[in-house]
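# Examining the three-dimensional arrangement
Listed below, chain by chain, are the residues.
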Amino acid sequence: MYEHERTHTEALMGGCSPLAMIVVDPFADQLLAANPAAREMLNMHETLPLQAPFSHRLSASLSLWVSFTDEALVQKMAWSDDLVMLDMLRQPYRVEVYAQRIDDSGQLLLTLIDRHKAEQRRAKAELGRQHRQGEVGWQRVEQVFERIEKQNQLILSAAGEGIYGLDAEGKTTFVNPAAERILGWSTEDMVGHDAHLMFHHTHADGSHFPVQQCPIHASFSDGQVHHVDNEVFWHKNGEAIPVEYTSTPIFEMGRLVGAVVLFRDIRERKRAEQQLRDALAEVESLKQRLELENEYLQEEIKAELNHRDIVGNSPAVAKLIQQIELVAPTSANVLISGESGTGKELIARAIHAGSTRSDRPLIRVNCAAIPRDLFESEFFGHVKGAFTGAVQDRTGRFELAHGGTLFLDEVGEIPLELQSKLLRVLQDQQFERVGDNRTREVDVRVIAATNRELRDMIDEGHFREDLYFRLNVFPIDSIPLRKRIEDVPLLARHFLQRACLKFNKPGVRIPPAQLEILQHYPWPGNIRELENIIERQVIVTQDRRLMFDDLLLGETPRSIGAAKPINASAEQSEATLLTEHALSQRQRESTIAALEQAGGKVSGAGGAAELLGIKPTTLASRLIKWGIDTREFRKRAPH
C-alpha cells in the first residue's frame, strides 16, 4: 500500500495526471502540493505551501470536511460529493473528492473532480448514446430554454438578482421578475428581442458599445464564463443602472445554443463606495489643511513676526490699546490704516489674541505679493486640473482660516475684479474653489490693513465702496512714530534687547545723549526703520555703545542743490549756504513743485518721490508734517 501511495504522490509532483490532485496536511491545515491540473482548477499562482489555512478554501462545507478527513485517516481512503471548494478568487466549485492517506504521515492525497463539468460530460455521453440508438433527435433551441425555465421556475422567481436567457443570436428567451423590476422592461417587451440593443447598447460615458465587444456575446463564441463587475444596463426610462453580471454559456448536445446572464444592481454599492471616497477625500483635505497650518505657523515662528506686546506708554498707544480691548472680543471686521512700518500686523495679532478665536490660527495674506492671476486661487483654493499647473487640490487661505482670523495686509492691492468675490465671502461666508462647483461654508473674521487712501481709490474707481464699508466696521489708525516720539527710548531699548539676543552681542547699550538724537529724528520709516537702525548699529559697534550722530545728516534731501564742483569759488560756496529754516523752506517749495509736475502723484513712475529722488515713505511723512493735501494738486493737473 505504501508503494502505491508513493507512486501517486510522485505522479502528482511530476504533473503527469490529467486529474486535479493536491496533498493536504489536515492536522496543520495546510495545502502542501498541487499538480498543474489542480493549480489551473483553483486559479493558483502562489508558492506552496500556502500561508493561509486550507480550511479557508472550503466555504460553508467545513464541518463536512472534518468528518471526511477523519474517515480518510481511519479508513485510509474516502469519497465525497458534498464538498464545495473556493478557488483563489473565491469562486465556488462543487467537487467530487477521492482521498487517500499517504503512509503514516497523516497527509492526504486528494483527487478533485469538478461536478459541473463531470455532469456535462456524462450528459453529453448519454445524449450520444441515445442519438446512436435513434431514441432522440435534435431539439429546437427554444425548447432547451423552455426546459430551463420550467425546471428552475421557483428559483428564477425567488432570486433577488436579475436573470435572463439569450439564444445564440442574442435574442431574449426568458426573463425573471427581478430583471423586469431592475430594468423596467416586461417579459413581453424583452422576449424575442435583441437584449444588447434594448439595454446594453451604450457605455456609462454615453459612447457606443459595439456588440462585437460585449462579453455576454463572447460567451456564444468561446464557450467561457464571463464575469464583469463595472458596466451599466439601461433602464426603460433611460437611466443608466450600474451592474455586475456573469454570462454562462449553455450547451445542448455539445453545441453552444446561448447563454444565461445573472446580474445585480450595484447602485447602493456605488453610493457607499462614493461616500467612502468622499470621506477619505475629506480626511485628506483636513490633513492638508493641518499641514498647511503647521507650515504657516512654523514660518511665522522662524520669521519672528509676532512681537509679544505693543511697546509704548504715550497717550497715542494708550488710546490704541483701548481700541483693541474694545473690538477684540467681538466678531466685527477691522480696518487698520497707517503708514508702512507702523506695526499694523502687530495690532492685528493683538486683536486676534484677545478674541474668542485665539485658539485657531491667524492667517496672513500679503496682497501686494500675490501675482494678479493667482489671487483667486490663493484666497479660495483650487481643484486638480482647474488650470495649467494645478496638479492637485489646494486649500485656500479662507478655508485655512476657518474658525480663526484672516489678516489681509495691503488690502488696497486686491484687483478690482476679485473684490466682488471677496465681498460675497464677507457677506455670506460662502465660496467655491477655482474649478469647483461645490459651495463651501467658512467662519472667518477679517482684519484688513492698508497704507493707501482707500477713499481716494474709491473716487478713482479702483476700490469698491461696498467692500470698503464691509471691511471698515471698526477703523483703527496705526500711529506713525513721529506722533508718539516719547515712545522712542522705550522702543529703542526693546529692539536693542532683541538684537543683542539675535546677534549674540550682550552688554550693548545706548548712551542717553544718543537717545536724544533718536528722538529728534522724524522716522519716515516708522518703527520698522527704528528696528533696522538698532540692529545695524549692534552689528557694527566695536565698543558696545551705539552711536547715531550721522542719523540726522542723512535727512538732507538729495534734490536740494546740485553737487558742488571741486574748483567752485568761495563766492559760489557762500551762495549755497542755508540756515535750517531756509533749508526746510526750500525742501517744502521743491516738494510743492514736484507735486505740481506729477499731478499729485506721490509714488511710482513719474511720481513726486521719484522726481525728488527720495523714498515715497519719506515724502509721505513730510507731506503730513507740512499739512500738504495731494488732492489739491490732482485738481490742478492738466487734462
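The structure this text deals with has already been given above.
Predicted model only: the values in this text are computed from it and were never measured.

About the criteria used
Residues numbered from 1 in each chain as written. Predicted model: local features only at pLDDT ≥ 70, side-chain atom pairs only at ≥ 80, totals over all residues. Heavy atoms only, no water. Helix = DSSP H or I, 4+ residues; strand = E, 2+ residues; numbered from the N terminus. Buried < 20%, exposed > 50% of the residue type's maximum accessible area, 1.4 Å probe, protein only. Contact = heavy atoms within 4.5 Å. Areas by Shrake-Rupley, 256 points an atom, 1.4 Å probe, with all protein chains shown as cover. Pairing = 2+ DSSP bridges. Salt bridge = Lys/Arg side-chain N within 4 Å of Asp/Glu carboxyl O. 1 Å grid on protein atoms, 1.4 Å probe; cavity = no way out; pocket = protein on both sides within 12 Å on 5 of 7 lines; lining within 4 Å. Points joined across faces, edges and corners; volume = space filled by probe spheres on them.

Moving on to the overall build of the protein. Each helix and strand in the protein was counted, giving 26 helices and 20 strands. The 639 residues of the protein split such that 43% are buried. Considering only residue pairs separated by 6 or more positions, the protein has 60% of its internal contacts joining residues 24 or more positions apart. Accessible area for the protein stands at about 35,200 Å²; split by element, carbon and sulfur atoms hold 52% of it.

A few words on the pairing of strand S1 (residues 20-25). S1 sits mainly inside the fold: six of its six residues count as buried. Side chains of S1 alternate between two faces, with Ala-20, Ile-22 and Val-24 and Met-21, Val-23 and Asp-25 buried alike. As judged from the five bridges shared by S1 and strand S6 (residues 107-114), these two strands associate in the antiparallel manner. In the strand pairing of S6, Val-24 is matched with Leu-108.

Before going further, it helps to spend a moment on the pattern of salt bridges. Oppositely charged side chains can pair when the atoms bearing their charge come close. Enumeration according to the criterion identifies 34 salt bridges in this entry. Linking Glu-273 and Arg-269 is a salt bridge whose minimum nitrogen-to-oxygen distance equals 3.3 Å. With Glu-273 and Arg-269 both in helix H11 (residues 267-303) and four residues apart, the pair spans about one turn of that helix. A salt bridge links Glu-432 to Arg-424; the shortest N-O distance between them is 3.0 Å. We classify Arg-424 as partly exposed; its relative accessible area is 29%. Taken together, the shared-partner salt bridges connect Glu-161, Glu-244, Arg-264, Arg-269 and Glu-273 into one network.

A few words now on the layout of surface pockets. The probe, sized like a water molecule, is rolled over the atoms to show the empty space still left. Space inside the second largest pocket adds up to approximately 1,400 Å³. Along the wall of the second largest pocket there are 41 residues; nearest its centre are Asn-451, Arg-452, Glu-453, Asp-456 and Ala-620. Contributions of two or more residues to the lining of the second largest pocket are made by strand S12 (334-337), helix H17 (454-459), strand S20 (474-477), helix H25 (616-626) and helix H26 (631-636). Top contributing element to the lining of the second largest pocket by residue count: H25, with five residues.

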